[in-house]
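# Working through the structure, step by step
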Amino acid sequence: MTATSRNECAALDAADPLSGLRTEFVLPEGVIYLDGNSLGALPRRTLDRVHRLIEHEWGQRLIRSWNEAGWWDLPTVLGDRLAPLLGASPGEVVVCDSTSVNIFKTLAAALRMRPGRRAVVAESGSFPTDLYITEGLAGTLDGVERRLVADARELPGVLDDEVAVVLLNHVDYRTGRLQDMAAVTDLVHRHGALVIWDLCHSAGALPVELNACGVDFAVGCGYKYLNAGPGSPAFVFCAARHIGSVRQPLSGWWGHAEPFAFEPGYAPDPGIRRFLTGSQPVVGGAALAASLEVWERVDMAALRTKSLALTDLFMRRAEELGLETLTPREPERRGSQVALRVRDGDPGDGYAIVQALIDRGVIGDFRAPDVMRFGFTPLYLRYVDVWDATEALADILRTGAWRDGKYAVRNAVT
Ligand SMILES: *Cc1c(COP(=O)(O)O)cnc(C)c1O
């Protein structure tokens, strides 16, 4: 059931069990933010938390804060707090580094667990860093072969007894297609390989059940749906059954069993800390700590219900305007974002339309070659926001405002 008027949207907002969370966020006046899938909004409590860290913990307490303020333990403390959002258990998640770096660590770790198998599978349409890192790894390690599939649906054609590990995106960054984690993980395991899920567009966007699906490894970032801010640390999940034996290649001192023994040889920490490398971004970690406090109040089932309703409303309205939807309409096949395209348009049309929308305060983004992408974050978006965003879109299309030459000028970040 989809709203057909702004009044109906307002009624849905009034009945929304998540509506109280909106006040947790700083939302600029006049902005409808449909880009929380790329950089989440600022939680109010993060301002205080980061200010306290810089002014007091760093400014006054200086090096004592590594112990006193819990800086040293932050990666595992945050990992344990994040675990419930991922369907993981305490001790299986550590917050560290960037997603790109964590992809490298988990891929190399998985290869080592399957001696004799030298193929790595990735998706050709995946977020490019996943491709670049697999390419870099294959170029660094002797005899490693990279195989590409369009997406998980093509896996049966490439899985054989040479494949060590498969790297997959849970939600496609461009189209918003959601993969069946349980079925795909099972398929990979039946061929004797391990799986790494990239959760960048699903962590905080929908319920994730890593352990229920038997997943081996997962990675994801903190600055999209988790709202931890630009440059905040990412995370690694490693199933408990693997932790005792897994070895990752970036064996820096933070992953050592006794970092302050300053021994010349490396011995990994017995637990998930072995995925650490060197000093971690404490300011970004504190921002994640603050945003995870908001997440403690979120019912993930309610989040998913609202997310699907918001994306459904947006897709219906966009289709009424004659735009093409690339995101699957079946609820079980999509994440919390929508990809649109101009039917029979030039590739640059989508870019110009997104720029014209941003000019009116409706912020989405553009992904080459021709995708207009909009993220829907149920913690701070209302149904009326979705309605108003589609009204702005309708107006831009009707008046042709987007054809103004100024909207064709490309910025570095699209
Ligand atoms: C955003 C994103 C990344 C980002 O990687 P960083 O190392 O944080 O820059 C990686 N993978 C996917 C699928 C993403 O969407």
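Worth saying up front: this structure is predicted, and the values here are computed from it rather than measured.

Definitions and cut-offs
Residues numbered from 1 in each chain as written. Predicted model: local features only at pLDDT ≥ 70, side-chain atom pairs only at ≥ 80, totals over all residues. Heavy atoms only, no water. Helix = DSSP H or I, 4+ residues; strand = E, 2+ residues; numbered from the N terminus. Buried < 20%, exposed > 50% of the residue type's maximum accessible area, 1.4 Å probe, protein only. Pairing = 2+ DSSP bridges. Axes fitted to C-alpha atoms, helices over the stretch in contact; angles between N-to-C directions. Contact = heavy atoms within 4.5 Å. UniProt positions renumbered as here; feature names shortened; annotations may be inferred.

### Topic: unusual backbone geometry
The peptide bond linking Ala-368 to Pro-369 adopts the cis configuration, its omega dihedral lying at 5°. Relative to the helices and strands, Pro-369 is located in the loop between β14 (365–367) and β15 (371–375). The backbone of Phe-262 shows a phi angle near 50°, a positive value even though the residue is not glycine. With respect to the helices and strands, the residue Phe-262 is situated in the loop between α8 (240–243) and α9 (282–295). The backbone of Asp-344 shows a phi angle near 55°, a positive value even though the residue is not glycine. With respect to the helices, strands and loops of the structure, Asp-344 is situated in the loop between β12 (337–341) and α11 (347–359). Asp-344 sits in the exposed class, given a relative accessible area of 83%.

### What about the sheet that holds strand β9 (residues 217–220)?
Strand order in the open sheet formed by seven strands is β4-β10-β9-β8-β7-β5-β6, with mixed pairing between adjacent strands. Unpaired on one side and paired on the other, β4 (93–96) and β6 (145–149) mark the two borders of the sheet. Here the average twist between neighbouring strands, direction ignored, is 20°. Here strand β8 (residues 194–198) runs beside β9; their pairing, made up of three bridges, is parallel. Counterpart to Asp-198 in the pairing with β9 is Val-219. In this fold helix α4 (residues 74–86) packs onto β4 and β10 (234–238), with an angle of close to 120° to the strand it touches most, β4. Strands β7 (163–169) and β8 of the sheet are contacted by helix α7 (residues 181–190), whose axis makes an angle of about 150° with β8.

### Considering the UniProt feature "modified residue: N6-(pyridoxal phosphate)lysine" (unreviewed entry) in the protein chain
With numbering aligned to this structure, UniProt lists the feature "modified residue: N6-(pyridoxal phosphate)lysine" (unreviewed entry) at Lys-224. With respect to the helices and strands, the residue Lys-224 is situated in the loop between β9 and β10. Classification of Lys-224 by relative accessible area gives buried; the value is 6%.

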